[in-house]
Structures are given as C-alpha cells and as structure tokens.
Amino acid sequence: MIGDLTTAATEVCSLQQGLPVTIRLLDPPLHEFLPDGDLDEIVALLASDTGADEKDVVERIEKLAEVNPMLGRAPCNMPATSFNT
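Residues numbered from 1 in each chain as written. Predicted model: local features only at pLDDT ≥ 70, side-chain atom pairs only at ≥ 80, totals over all residues. Heavy atoms only, no water.

Attention now goes to the overall build of the protein chain. Along the protein chain, the regular secondary structure elements total three helices and zero strands. Counting across all 85 residues of the protein chain, residues that qualify as buried make up 16%. Restricting to contacts in the protein chain with at least 6 residues of sequence separation, those with at least 24 account for 49%. Looking at the protein chain as shown, the accessible area adds up to about 6700 Å², and 58% of this sits on carbon and sulfur atoms. (Helix = DSSP H or I, 4+ residues; strand = E, 2+ residues; numbered from the N terminus. Buried < 20%, exposed > 50% of the residue type's maximum accessible area, 1.4 Å probe, protein only. Contact = heavy atoms within 4.5 Å. Areas by Shrake-Rupley, 256 points an atom, 1.4 Å probe, with all protein chains shown as cover.)

Rendered as structure tokens:
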C-alpha cells in the first residue's frame, strides 16, 4: 500500500509542475472541526480567538471550502477530484 501511495503522490506532484500540492492521509471533512451556528457568529468567534481580522477569516474559509466534503482529497479519491483549484 505504501508503494501505491508513493507512486500516486509522485505522479500528482509531477502533474502539478511545481504548483503546491496538499496530500492529506487522514482526511475527515473540514466541517467536522468547525463550530455549529450562524456564519457571522462563527467568523466573529474565530476572529476574536485568533486575533485575525474578520475579512481575513472569511477569505480563509472561502479558500478552504470543499465542494464535496465527504469526498475530501484522500489519495484513493485523487482521480475523482480536480487539482486546478
């Protein structure tokens, strides 16, 4: 199995031609780690907890958004996802 993962990771990195690649081996959906509630309240909470500006928090949330959070980007799902995002 390790050989297969190494081969898949090597191929992905090669295809990206120097662009950043993130390979998450343990891949729970991002929403599992976010607090429940209204988005504005969550942004305010994250901003106050981290000392970041609310605008920066919103930009980071948008950057980390997952189209299909249950699919994730685990190595076994690499062929089914786009790496051009």
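Right, let's get into the confidence of the model for the protein chain. For the protein chain, the average pLDDT comes to 75, and 62% of its residues sit at 70 or higher. Helix α1 (residues 2–15) is the least confidently modelled element of the protein chain, averaging 82 in pLDDT, while helix α2 (residues 39–50) averages 91, the highest of any element. Below pLDDT 50 for its whole length, residues 80–85 participates in 10 contacts with residues either more than four positions away or in separate chains. (pLDDT = per-residue confidence, 0-100.)

Its identity as a non-glycine residue notwithstanding, Q17 has a phi of 50°, on the positive side. Within the secondary structure, Q17 is located in the loop between α1 and α2.

Let us look at a negative patch on the surface. On the surface, D38, D40, E41, D53, E54 and D56 cluster together to form a negatively charged patch. The residue E54 is located in helix α3 (residues 54–64) in this model. (Patch = residues over 30% accessible without salt bridge, like charges linked within 9 Å, V, L, I, M, F, W, Y side chains within 5 Å. Salt bridge = Lys/Arg side-chain N within 4 Å of Asp/Glu carboxyl O. Lys, Arg positive; Asp, Glu negative; His and termini not counted. Charge placed at Lys NZ, Arg CZ, Asp CG, Glu CD.)

Residue position: D38 is located in the loop between α1 and α2. D38 sits in the partly exposed class, given a relative accessible area of 40%. A distance of 3.2 Å separates a polar side-chain atom of D38 from the backbone nitrogen of D40. (Polar contact = N/O pair within 3.5 Å; in protein donor to acceptor, adjacent residues only side chain to side chain.)

Their axes nearest at 9 Å, the elements α2 and α3 cross at an angle of 115°. When the axes of α2 and α3 are compared, the pair comes out roughly perpendicular. Regarding α2 and α3, the two cross each other, and that crossing is right-handed. The segment α2 lies against α3, with L39, V43, A44, L46 and A47 engaging E54, V57, V58 and I61. Along the lines of polarity and charge, the residues of the contact of α2 with α3 split into eight nonpolar, no polar and one charged. (Axes fitted to C-alpha atoms, helices over the stretch in contact; angles between N-to-C directions. Parallel < 35°, antiparallel > 145°, perpendicular 65-115°, else oblique. Left-handed = near helix turned anticlockwise from the far one by under 90°. Nonpolar A, V, L, I, M, F, W, Y, C, P; charged D, E, K, R; others polar.)

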